[in-house]
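Here is how the chains run, residue by residue.
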Amino acid sequence: MATVNDISKSVRRVDAVSKCEGKAKYLPDIDFRDCLWARMIRSSVPRGKIIKVNLPDLPSGYCFVDYRDIPEGGHNYLHMIATDWKCFAEDEVRYVGETIGLLVGPDRTVLADLIDRVSVDYEEQIPAVTIDEGLACKGGAFVNGNNIHCHLKIETGENADEVFKRCAKIVEETVETGFQEHIYLETNGACCCPEGDGYVIYASAQCPFYIRKSIAPLLNISPEKITVRQTVTGGAFGGKEHFPDVLCGPLLVAAHKTGKCVKMVFDREEDIENSVKRHPSKVVFKTGLDKEGNILVMDSKVYYNVGGYLSSSFVVLQRGCFHVAGCYSFPSFRSEGFGVATNTFPSCAFRGFGAPQTLFAVETHMCHLAQMQGLDPLEFKSRYFIKQGDTTSTNGKVVEKVMIPQMLEQVLKASDYRRKVKEYKIGSGRGIGISFYNHGGAFTGNGEQSLIKAHCRLHKYPDGHVEILCGQTEMGQGFHTILPKIAAHVLEIPIEKVVFEDPDTSRVPDSGPTAASRSTMIVGDLVEKAAKLMKDRYSKESEFEIETEYEHPEGYPWNQDTFQGYAYLGYGWGVCAVEVEVDPCTAEVAVKGVWSSHDGGHPVDELIVHGQVNGGVLQGIGWASTEVMENTDGHFRQTSMSDYIVPTSMDCPRQGVDLVDNPYEWGPFGAKGLGELVFNGSGAAYIDALSRAIGKKINAIPVPTEKVMEYILHGKKLGEAD
Amino acid sequence: MNVKLEFTLNGKNVTVSTDPLRRLIDVLREDFGCTGVKEGCSEGECGACSILLNGKMVTSCLIPVGAADGQDIVTIEGLSETEKGKLIIQAFADGGAVQCGFCIPGMVVAAYSILCENPDPTEDEIRLGISGNICRCTGYDLIVDSIRLAAERGGSIWKK
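**Quick notes on the domain arrangement of chain B**
All names here are of chain B. Its domain assignment divides chain B into domain 1 (3-76) and domain 2 (80-155). Placing a centre on the C-alpha atoms of domain 1 and another on those of domain 2 gives a separation of 21 Å. Taken together, the contact between domain 1 and domain 2 spans 14 residues of the former and 14 residues of the latter. With both sides pooled, the region where domain 1 packs onto domain 2 buries about 1100 Å², and carbon together with sulfur makes up 64% of that total. Among the residues of domain 1 in contact with domain 2, Lys38, Met57 and Ile76 are the three that bury the most area, contributing 45% of the side total. On the surface where domain 1 and domain 2 come into contact, there are 3 residue pairs in polar contact (both at pLDDT 80 or more). Those elements that provide at least two residues to the side of domain 1 that touches domain 2 are β3 (50-53) and β4 (56-59). Residue contributions to the side of domain 1 that touches domain 2 peak at 3 residues, all from β3. Split into classes, the residues belonging to the side of domain 1 that touches domain 2 amount to 6 nonpolar, 4 polar and 4 charged.

**A look at the packing of helix α9 (residues 355-372) of chain A against helix α17 (residues 682-694) of chain A**
Residues and elements named next belong to chain A. One way to put it is that α9 packs onto α17 with a least axis distance of 9 Å and a crossing angle of 30 degrees. Considered as vectors, α9 and α17 are oriented roughly parallel to each other. The handedness of the crossing between α9 and α17 is right-handed. Packed against α9, whose contacting residues are Phe360, Glu363, Cys367 and Gln371, the element α17 presents Gly683, Ala684, Ile687, Asp688 and Arg692 at the interface. Taken together, the residues of the contact of α9 with α17 break down into 4 nonpolar, 2 polar and 3 charged.

**Some details on the interface of chain A and chain B**
Each partner contributes residues to the interface: chain A has 52 residues there, and chain B has 46 residues. Counting each side, the surface lost to burial between chain A and chain B is near 3800 Å², with a carbon and sulfur contribution of 54%. The largest share of the area that chain A buries against chain B comes from A:Cys20, A:Leu185 and A:Arg654, three residues that together contribute 19% of it. In this structure, the connection of chain A to chain B is made through 7 salt bridges. Note that A:Asp29 and B:Arg29 form a salt bridge whose closest N and O atoms lie 2.8 Å from each other. Applying the counting criterion to the chain A and chain B interface returns 29 residue pairs in polar contact (both at pLDDT 80 or more). Counting residues per element, the ones that place at least two in the side of chain A that touches chain B are α1 (16-20) and α16 (606-624) of chain A. Here the element with the most residues in the side of chain A that touches chain B is α16(A); it accounts for 8 residues. Classifying every residue of the side of chain A that touches chain B gives 20 nonpolar, 19 polar and 13 charged.

**Topic: the state of the cysteines**
All names here are of chain A. For the structure on display, the rule yields 1 disulfide over all chains. Bridging cysteine 193 to cysteine 261, the disulfide has an S-S length of 2.1 Å. Between cysteine 193 and cysteine 261, the disulfide has an S-S torsion of 115 degrees and is therefore right-handed. In this pair, cysteine 193 is assigned in strand β9 (residues 189-195) and cysteine 261 in the loop between α6 (244-258) and β12 (262-265), connecting sequence segments 68 residues apart. There is no split in this pair, since cysteine 193 and cysteine 261 are both buried. Note on cysteine 321: no disulfide assigned, nearest cysteine sulfur contributed by cysteine 150 at a separation of 9.2 Å. Judged by relative accessible area, which is 0%, cysteine 321 ranks as buried.

**Side note on the environment of A:Lys460**
Residue and element names in this part refer to chain A. Turning to its location among the elements, lysine 460 is positioned in strand β17 (residues 455-460). Along the backbone, lysine 460 and serine 539 are 79 residues apart, and their C-alpha atoms lie at a distance of 9.9 Å. When residues no more than four places from it in sequence are discounted, the contact partners of lysine 460 are His465, Val466, Met534, Tyr538, Glu541, Ser542, Glu543 and Phe544.

**What to know about the sheet that holds strand β2 (residues 48-54) of chain A**
All names here are of chain A. Pairing within the open sheet is antiparallel, and its 3 strands lie in the order β4-β2-β6. One side of each edge strand has no neighbouring strand; the edge strands of this open sheet are β4 (92-93) and β6 (119-124). In the sheet, β2 pairs with β4 via 2 bridges, with the strands oriented antiparallel. Across the sheet, the residue bridging to glycine 48 is valine 93, located in β4.

**A few points about the domain arrangement of chain A**
Residues and elements named next belong to chain A. As far as domains go, chain A holds domain 1 (32-125 + 182-273), domain 2 (281-444 + 565-714) and domain 3 (447-549). Averaged C-alpha coordinates put domain 2 and domain 3 at centres separated by 33 Å. Contacts between the two partners involve 22 residues from domain 2, matched on the other side by 22 residues from domain 3. Roughly 1700 Å² is buried in total at the junction of domain 2 and domain 3, and carbon and sulfur atoms are behind 67% of that figure.

**Notes on the layout of surface pockets**
All names here are of chain A. Its boundaries defined by the atoms lining it, the second largest pocket holds a volume of some 850 Å³. Mapped by element, the contributors of at least two residues to the lining of the second largest pocket are α5 (208-219), α8 (313-322) and α13 (447-452). Ranked by the residues each element gives to the lining of the second largest pocket, the list is headed by α5, at 6 residues. A class-by-class count of the residues in the lining of the second largest pocket yields 18 nonpolar, 12 polar and 6 charged.

**Observations regarding the pattern of salt bridges**
All names here are of chain A. The full count for this structure, using the stated rule, is 62 salt bridges over all chains. Put simply, arginine 94 and glutamate 92 hold a salt bridge, and the shortest N to O gap is 3.2 Å. We classify arginine 94 as buried; its relative accessible area is 14%. Here lysine 672 ties to glutamate 400 by a salt bridge, and the two come within 2.7 Å at their closest N and O atoms. Placement of lysine 672 in the loop between β27 (656-659) and α17 and of glutamate 400 in the loop between α10 (377-382) and α11 (404-415) is noted, with a sequence separation of 272 residues between them. Judged by its relative accessible area of 3%, lysine 672 is buried. In this structure glutamate 400 comes out as buried when scored by relative accessible area, which is 10%. Overlapping salt bridges, with partners in common, bring together Lys420, Arg430, Glu579, Glu581 and Lys592 in one network.

**Regarding the nonpolar core**
Side chains that are nonpolar tend, in soluble globular proteins, to be buried together. Counting 195 residues, the largest nonpolar core has A:Met366, A:Ile434, A:Phe436 and B:Phe92 as the members making the most contacts within it. Per-element accounting of this core gives the leading share, 9 residues, to helix α4 (residues 104-117) of chain B. Once you skip the residues sitting within four places of it in the chain, A:Met366 turns out to touch A:Ile295, A:Met298, A:Tyr328, A:Phe330, A:Phe380, A:Lys381 and A:Tyr384. A:Ile482, A:Leu483, A:Ala487 and A:Phe544 belong to the second-largest nonpolar core, a separate cluster that totals 43 residues.

**Points about the sheet that holds strand β11 (residues 226-230) of chain A**
All names here are of chain A. Here 7 strands make up an open sheet; going across it, the order is β3-β5-β1-β12-β9-β10-β11 and the pairing mixed. Both edges of this open sheet fall to β3 (63-65) and β11, since each of them pairs with a single strand only. Across this sheet, the average inter-strand angle for adjacent strands is 25 degrees, counted without regard to direction. Pairing geometry for strand β1 (residues 36-42) and strand β5 (residues 99-105), over 6 bridges, is antiparallel. Within β5, the residue paired with isoleucine 41 across the bridge is glycine 101. The strands touched by α5 are β10 (198-203) and β11; relative to β11, the strand with the most contacts, the crossing angle is about 145 degrees. In this fold α6 packs onto β1, β3, β5, β9, β10, β11 and β12, with an angle of close to 30 degrees to the strand it touches most, β9.

**Considering unusual backbone geometry**
Residue and element names in this part refer to chain A. Here the amide bond leading from isoleucine 701 into proline 702 is cis, since omega sits at 0 degrees, within 30 degrees of zero. With respect to the helices, strands and loops of the structure, proline 702 is situated in the loop between α17 and α18 (705-714). Positive phi, normally seen in glycine, also occurs at serine 517, with a value near 50 degrees. Secondary-structure assignment places serine 517 in the loop between β19 (498-499) and α15 (519-538). Assessed through its relative accessible area of 14%, serine 517 is described here as buried.

**Let's talk about the side chain of A:Lys277**
All names here are of chain A. Structurally, the position occupied by lysine 277 is in the loop between α7 (268-273) and β13 (281-289). On the accessibility criterion, lysine 277 (1% relative accessible area) is buried. Separated by 2.8 Å, the side chains of lysine 277 and glutamate 181 make a polar contact. A polar side-chain atom of lysine 277 sits 2.8 Å from the main-chain carbonyl oxygen of serine 275. With near-sequence residues (within four places) excluded, lysine 277 lies in contact with Phe179, Gln180, Glu181, His182, Asp271, Ile272, Pro346, Ser347, Cys348, Met629 and Phe636.

Conventions adopted
- Residues numbered from 1 in each chain as written.
- Chains lettered and ligands numbered in written order.
- Predicted model: local features only at pLDDT ≥ 70, side-chain atom pairs only at ≥ 80, totals over all residues.
- Heavy atoms only, no water.
- Domains from an automatic or database assignment.
- Contact = heavy atoms within 4.5 Å.
- Buried area = accessible area lost by both parts, 1.4 Å probe.
- Polar contact = N/O pair within 3.5 Å; in protein donor to acceptor, adjacent residues only side chain to side chain.
- Helix = DSSP H or I, 4+ residues; strand = E, 2+ residues; numbered from the N terminus.
- Nonpolar A, V, L, I, M, F, W, Y, C, P; charged D, E, K, R; others polar.
- Axes fitted to C-alpha atoms, helices over the stretch in contact; angles between N-to-C directions.
- Parallel < 35°, antiparallel > 145°, perpendicular 65-115°, else oblique.
- Left-handed = near helix turned anticlockwise from the far one by under 90°.
- Salt bridge = Lys/Arg side-chain N within 4 Å of Asp/Glu carboxyl O.
- Disulfide = S-S within 2.5 Å.
- Buried < 20%, exposed > 50% of the residue type's maximum accessible area, 1.4 Å probe, protein only.
- Pairing = 2+ DSSP bridges.
- 1 Å grid on protein atoms, 1.4 Å probe; cavity = no way out; pocket = protein on both sides within 12 Å on 5 of 7 lines; lining within 4 Å.
- Points joined across faces, edges and corners; volume = space filled by probe spheres on them.
- Core = buried A, V, L, I, M, F, W, Y, C linked by side-chain atoms within 4.5 Å.

Rendered as structure tokens:
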């Protein structure tokens, strides 16, 4: 696709060699001289009152830090969109792993011994763990009198209740998804150092500006008193969006108390047991059909397991509801979302941010609606593809050209789908499935304009170098290369002349979080604009700066109170086919092929995009298949990489990757969001393929081998009603 | 109880007086500053801490340092100085193998192991060879391609 002067032509990633050589310094690799170490003391019960924390005698130089160390005027909460998540538990705990305090001291071995001798006395209460238990207020409601943290309702077209009255058939179905653990290869870690009259935080994190905003109220200081420096970050996937605040808050209080640098790095078991996960979900559909089997109305209730505290989950739930219509347009549509309080570790961001759950649900439901009528899912889904100008789930319009038909053709051809669908009989042990998905790029609605107001600066130095100053982080997705490439391309200078360092909040403007697939689309555009403004002056002036600010295009209104209007200006789109073969004796599933086509606008770097597609698609297959994360009685059951199984190089053959070129009007060189999109559909395609291969209806993920066996032995036949 | 241990680290003779039950990864990182050896899982599952012990790939989180006494150890710091190491690293950089990079030093060690045993590996052989190294970012395809690229570029040097 790329021509010589095309920005899509790949360049070598600027961070590749230092990472290969082991020279890149991640948080655990940095020697903070004379720092103290911290270990977290956490709740071991899912719900209860704290009666007493029993500490061993602490040697000299060791101390315990808890909520009582927050100075007068400080607030014991972490600001993570909502402000309900406490930095330190005081008298009650709502989940296993809730922070009670820190043990701080100079020697890690001593700390490890001390932490084993801490005990906490509780008055235990009955926990609610699942969505259903939360809704039933098991043990008594603990949030809002009904355990509903948050709620929204959206509808389009004719009133759903009226339409149901004239439907020939109404189909009700529930689709569920489980917890997913991020397994960023580098676990969470941070260090807080007193410096001058403020503090410097070093963290493996996605959003440095989020951290200082979140934790400054603890000491009742202005966020500017805290400088956050991102360290090289070994993967994040949303797991380091808000969660680093949960480390940095207590570390700030500990640094305040001790006057020393305090460092904390989780080991893997600690990280898996005590970190945020993808929200488990339950989507209950009620779909009305006419007598020919056409959809007249699709109604859904979307339940997300939020856990003990709301934090960012209302935004996740909104995105879930906005995506529950998938890539389809129905005459009447309604969705109601409920964020359910439970006594599990609070759920938070994970690649897709609420969209994957509902997209999986609608794709699966659409397959079942087709199979119930003896139709091929592809033929049935094709009837409802949304197009440019169609109404979205929030009564906005689809602004861009939707290239699903072209992408579908590519995937059908690459996968030889039509032949295989005919050849692989239902229940024959082989199956191929296909899914359609999208992802609204950047913050919802007017969030970019009213909440973030991103700023970005370019600084030209006398020696000809240009520095990009913004808060965007490299966490593996390629942003250290993407932004310099955009600037270099506009300025027509070598990429080596563009400097872009890990952000330090004291010297870069706030360009918003590295999240929501917004970095290339929004901040990349600010860099492109700044570089264009710089270009004429570049050779004439020795040293100067250009600053750009996000401006929302006119004519695309959004009402955040009613959730009406243009939720997203640009969607990424995807089509994915997966082929599987099931061993009839062992029920083991082998992925035989994966083919996808994605529209992320015009790619800024083909190889980087290719890597995003490969990684996202495989992570989605993991979510649907092997990545089992159970929670019983409030405790996660999988706590290591031996029992939480992420895909290896043997679990999927080489993927067929196709990218369509669909330049986005407001993105840099026509690029739009892509990083989350690529996760959103492979799980549904995998399950479609698997259910055809075994001839059984699958309504919940993940489906590890033992579950495949259960479905084979006891599952409902494909096409059977619930 | 501390014991004096001697071994070769990246071509140099070194000695250390330490508890022989400390994990090799900790000694390499803390006592010798080899922070390219990454700790991903602490149980030999992820391969991020892979090193070469007498030329064989092992996970250094599972080995007590006492077992290194008298042995030859090469970490990514040493490997990246060699002709073969450099060749792999250049291929990884050109082939798009690197994203977050945390698994990558271990992956480079795995690539070296594969190519030393089999200078012309097939895709399946490469996939098997890196199956003990978990990468959460790339989906592995571009790592596989990069190892193939290193095989092609290196040609006869892998037979030495």
